[in-house]
Amino acid sequence: MARGRRGDGLPFGLVLRLARADLAHEWVLSLCLVLAVAAVLSPLMLLFGLKFGAIETMRSRLVQDPRNREVRPMTSQTFPRQWLRELAGRADVAFVVPGIRQIAATLEASLGAGPKLTLDVLPTAPGDPLLVENGAPAPGPGQCVLSFLAAESLGARVGDALEVKVKRLRGSRFESGELRLRVAGVLDQRASALKAVYAPLELLEAIENYKDGLAVPELGWPGDAPEAYPVFDGVVVALGRELGKLDELRLINGTGFGKLTRPSPAELARLTGYRVDPAWRVYLVEAAKRPVGLESVLAVKERLRGTGAFLLPWTRAVAARLLAADGSEAGSLNVLALGPLAEGRPPTGLEPAPPWPPGQGMEPKPTLMLPAGASPPPGQAYLELRHERRVLRFPVSVAKERAPGEAAFAPPRLAGVLRLFAQRELTHDRSSGRFLLARRGYASFRLYAATIDDVEGLRRHFEAQGLSVHTEAQRIRDVTQLDGYLTLIFWLVALVGLVGGAAALTASLWASVERKQKELGVLRLLGMPTGAMVRFPLYQGLIIAVCGFVTAVGVFQALAWVINSLFQAHLQSAERLCRLPADHLLATLGGVIALATLASAAAAWRVTRIDPAEALRDE
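Below: a short report on this structure. In this convention, every chain numbers its residues from 1, walking through the sequence in written order. Given that this is a predicted model, residues contribute local features only at a pLDDT of at least 70 and side-chain atom pairs are listed and counted only at 80 or more, while totals for whole chains, interfaces and linings are drawn from all residues. Each side-chain value is derived from all of the structure's non-hydrogen atoms; neither hydrogens nor water enter the calculation.

Looking only at helices and strands, the chain has 16 helices and 26 strands in total. Two residues form a contact once any of their heavy atoms are found within 4.5 Å. Within the chain, residue pairs in contact and separated by at least 24 positions form 76% of the contacts whose partners lie at least 6 positions apart. Each helix is a run of H or I in the DSSP string that is no shorter than four residues. Each strand is a run of E no shorter than two, and both are numbered from the N terminus.

Below, the structure is given as structure tokens:
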């Protein structure tokens, strides 16, 4: 095979040069065909550019504005901590922070001697999309972020110190707590239409506690302490005589208890861990479903007034660990209540006898009686309780006496508080020895979906749980539907235009072959193979299509610049109303080449039907 030649013996590029020279010879006709292709492609590219640019601008604004990804509960209810933790762990949730009751989420702020302004207080935390995407840092302790309207009304700027006052009505007196907050940032105007201050959740909890009448020691705000209360599973009643049926009914009617039994000594020892003198008539008054409060025990005491009865509050065993000061475990315990309340005394024959006086149990180091087989750790001992993810640890004193059996005993008030820990979270204040109620949950939350496409799924998730939420799902659906409708319209118009353009190109190439039968026949006589002849109209079709595409791109870019310039006042710096990305242009070029190849196929087939003898007859 000769160098520089194809397998058919022709030099490389010969057919392409012939096709290009023929188009140049008939340049007027060729130019018309190029302009015809451009006239078909330009409107289609402009239409698709407007569709793509407009939809992308709308979607970009939806994505960039975090308010469109926000999901807000419409009702106020208690959301447990565990529920919120699970919610934050979802893949379709980008950010969630608990909130307090809306009625408590207000404060009064001023800047020096400036006007005082009542602001809404909203919780925030690091990673808050509303702050991150609006140019504000997450506030730390003693800091806040202001909305644009709040900063404008106060005349505040970043770095200013706000005088903040939180007011409450306690009894018949108005009280207020004060603090200073440094402005860490100011949100863009688009971020919020509220006069609001964004602060760490700890500050919102302090505000809510203060308005509920509680003290906030870390801020120096006085008030009550949310002291834990004991709950009991029942009460053991020991009398010197039998109770009548009416008296038995009165012990469970209206007292909060729902069941009364006469346990045997063995059954009593199994449930309570202690024994009483067999001479006593013993009754066990139990709660029906869940533990009851101290008022139920006092109600039973009132019903037994004048009978000489002894009351011993009863709790089911509470699992706990005895720890040394270094945290090492000294043993596992089951803690039960032993002894009467403060006003009572134990019945004679109670075994084991409580080593503490009636009413003890709430001092800084409550006393604990260990079972005979347990040994206290050296130094300070601690008792630790765990329930689900909650942990309660506090110091205890260990009595010298030991209890027979395997149970440990605590004063009834302490045992009742430990029983409460199974229902809600508690903390221990070491300075006062008091057990305090921790927050059960939160009344609201601020949540942002990971993407705008996740908003609808989250809405369905919450509504399946019976929680009504507000989202921008309808607005997002409108953009998605508009995208679908515009895409359908584009393809309908494109189909008509492309079919017409392909038909025009096919007819033009066919007519060109018909006009040049003599010349093409001469080429056949000169020995040009059929394959090379087929490529002749194919190359011409591709040249015309590519030139038409390049012309259409130029027209599109010029018109797109005009359109974007006209609407520049309504667009942000990086937004374009009419644009096509490079991958779309390359895909369009591929489609044009494929369509030109199909359009040239008819002309190529016609070339193969030309008889070389026709050229001889013409001569």
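Picking up where we left off.
Okay, the sheet that holds strand S12 (residues 259-261) next. Strand order in the open sheet formed by four strands is S12-S13-S11-S15, with antiparallel pairing between adjacent strands. Edge strands, defined here as strands with exactly one partner in the open sheet, are S12 and strand S15 (310-314). Neighbour-to-neighbour, the strand axes of the sheet open up by a mean angle of 20°, direction not taken into account. Both strand S11 (residues 234-239) and strand S13 (residues 281-286) contribute to a ladder of six bridges, which runs antiparallel. Bridge assignment links alanine 238 to a residue of S13, and that residue is valine 282. Note: two strands are recorded as paired if DSSP finds a minimum of 2 bridges between them. Interaxial angles span 0 to 180 degrees and are taken between N-to-C directions of axes, which are lines fitted to C-alpha atoms, for helices over the stretch in contact.

Another aspect to go through is the pairing of strand S25 (residues 444-449). Only protein chains enter the calculation, and the probe is 1.4 Å; a residue is then buried if its accessible area is under 20% of its type maximum, exposed if over 50%, and partly exposed in between. When you tally the buried positions in S25, you get five out of six residues, the bulk of the element. Alignment of strand S1 (residues 70-73) against S25, held across two bridges, turns out to be antiparallel. Counted as the bridge partner of valine 71 is leucine 447 from S25. Sheet analysis places strand S3 (residues 93-99) next to S25, joined by six bridges and oriented antiparallel. In the strand pairing of S25, glycine 99 is matched with serine 444.

Attention now moves to the packing of aromatic side chains. The pairing test for Phe, Tyr and Trp rings, Trp by its six-membered ring, is centres within 6.5 Å, and the orientation test on the planes gives stacked under 30 degrees, edge-to-face over 60, and tilted for anything in between. According to the stated counting rule, one finds nine aromatic pairs in the structure shown. Between phenylalanine 79 and tryptophan 83 the ring centres are 5.2 Å apart and the planes differ by 25°, which places this aromatic pair in the stacked class. With a relative accessible area of 2%, phenylalanine 79 lands in the buried category. When the ring of phenylalanine 445 is compared with that of phenylalanine 462, the centres are 5.8 Å apart and the planes differ by 35°; the resulting orientation is tilted. Here phenylalanine 445, found in strand S25, pairs with phenylalanine 462, found in helix H11 (residues 455-464); they are 17 residues apart in sequence, far enough to count as distant. For the pair phenylalanine 445 and phenylalanine 462, a shared accessibility class is recorded, and that class is buried.

A few words on the pairing of strand S7 (residues 161-170). Judged from the three bridges that link them, strand S4 (residues 106-110) and S7 form a sheet pairing that is antiparallel. In the strand pairing of S7, glutamate 108 is matched with lysine 165. Note: S7 against strand S8 (residues 173-186), ten bridges, orientation antiparallel. Counted as the bridge partner of lysine 167 is serine 176 from S8. Taking the residues that link successive antiparallel strands as the turn, the S7-S8 hairpin has two residues, and the phi of glycine 171 there is positive, at about 70°.

Bringing the nonpolar core into the picture now. Within the largest apolar cluster, 29 residues are counted, with the highest numbers of intra-cluster contacts made by Leu107, Leu119, Leu146, Leu154 and Leu162. Mapped onto this core, the elements with two or more residues apiece are S4, strand S5 (117-124), strand S6 (143-146), helix H5 (148-154), S7, S8, strand S9 (196-200) and helix H6 (201-211). Setting aside its immediate chain neighbours within four residues, leucine 162 contacts Ser110, Leu111, Cys144, Leu146, Leu154, Ala156, Leu179, Arg180, Leu181 and Val183. We define a nonpolar core as any set of buried Ala, Val, Leu, Ile, Met, Phe, Trp, Tyr and Cys residues linked to one another through side-chain atoms lying within 4.5 Å. Counting residues in hydrophobic clusters, the runner-up holds 27 residues, among them Val318, Phe394, Ala408 and Val417.

This part takes up H11. If you check which residues of H11 are buried, you get Val455, Glu456, Leu458, Arg459 and Phe462. Seen along its axis, H11 keeps its buried residues to an arc of 160°; they face one direction. Looking one or two places after H11, you find glycine 466, whose phi comes out positive at around 80°. Regarding the arc, it is the one traced by the directions from the helix axis to the C-beta atoms.

Okay, the sheet that holds S25 next. Read from one edge to the other, the open sheet built from four strands follows the order S3-S25-S1-S26, with strand pairing classed as antiparallel. The sheet is open, and its two edges are formed by S3 and strand S26 (469-470), each paired on a single side.

With that settled, consider the environment of glutamate 302. In this fold, glutamate 302 is placed in helix H9 (residues 294-303). With 51 residues separating them in the primary sequence, glutamate 302 and leucine 251 have C-alpha atoms 9.5 Å apart.

Turning next to the environment of alanine 287. With respect to the helices and strands, the residue alanine 287 is situated in the loop between S13 and strand S14 (292-293). Each C-alpha atom, one on alanine 287 and one on threonine 255, is 9.5 Å from the other, the two residues being 32 residues apart in sequence. The residues contacting alanine 287, other than those within four sequence positions of it, are Phe232, Asp233, Gly234, Phe257, Gly258 and Val292.

Turning to the layout of surface pockets, a few remarks are in order. Estimated volume of the largest pocket: approximately 1000 Å³. Cavity and pocket criteria rest on a 1 Å grid covering protein atoms alone: a 1.4 Å probe that fits but cannot get out defines a cavity, protein on both sides within 12 Å along at least 5 of 7 lines defines an open pocket, and an atom within 4 Å of a point defines a lining residue. Taken together, 38 residues make up the lining of the largest pocket; nearest its centre are Glu205, Ala206, Asn209, Glu218 and Arg439. Listed by contribution, the elements that provide at least two residues to the lining of the largest pocket are S8, H6, strand S22 (426-429), strand S23 (434-437) and strand S24 (441-442). Examining the composition of the lining of the largest pocket, we find that six residues originate from one element, H6, more than from any other. Classifying every residue of the lining of the largest pocket gives 18 nonpolar, seven polar and 13 charged. Together, 30 residues line the second largest pocket, and Glu70, Arg72, Gln102, Leu122 and Leu194 are the ones closest to its centre. Grid points are joined across faces, edges and corners, and a volume is the space filled by probe spheres set on the points. Side-chain classes follow a simple rule in which Ala, Val, Leu, Ile, Met, Phe, Trp, Tyr, Cys and Pro form the nonpolar group, Asp, Glu, Lys and Arg form the charged group, and the remainder, Gly included, forms the polar group.

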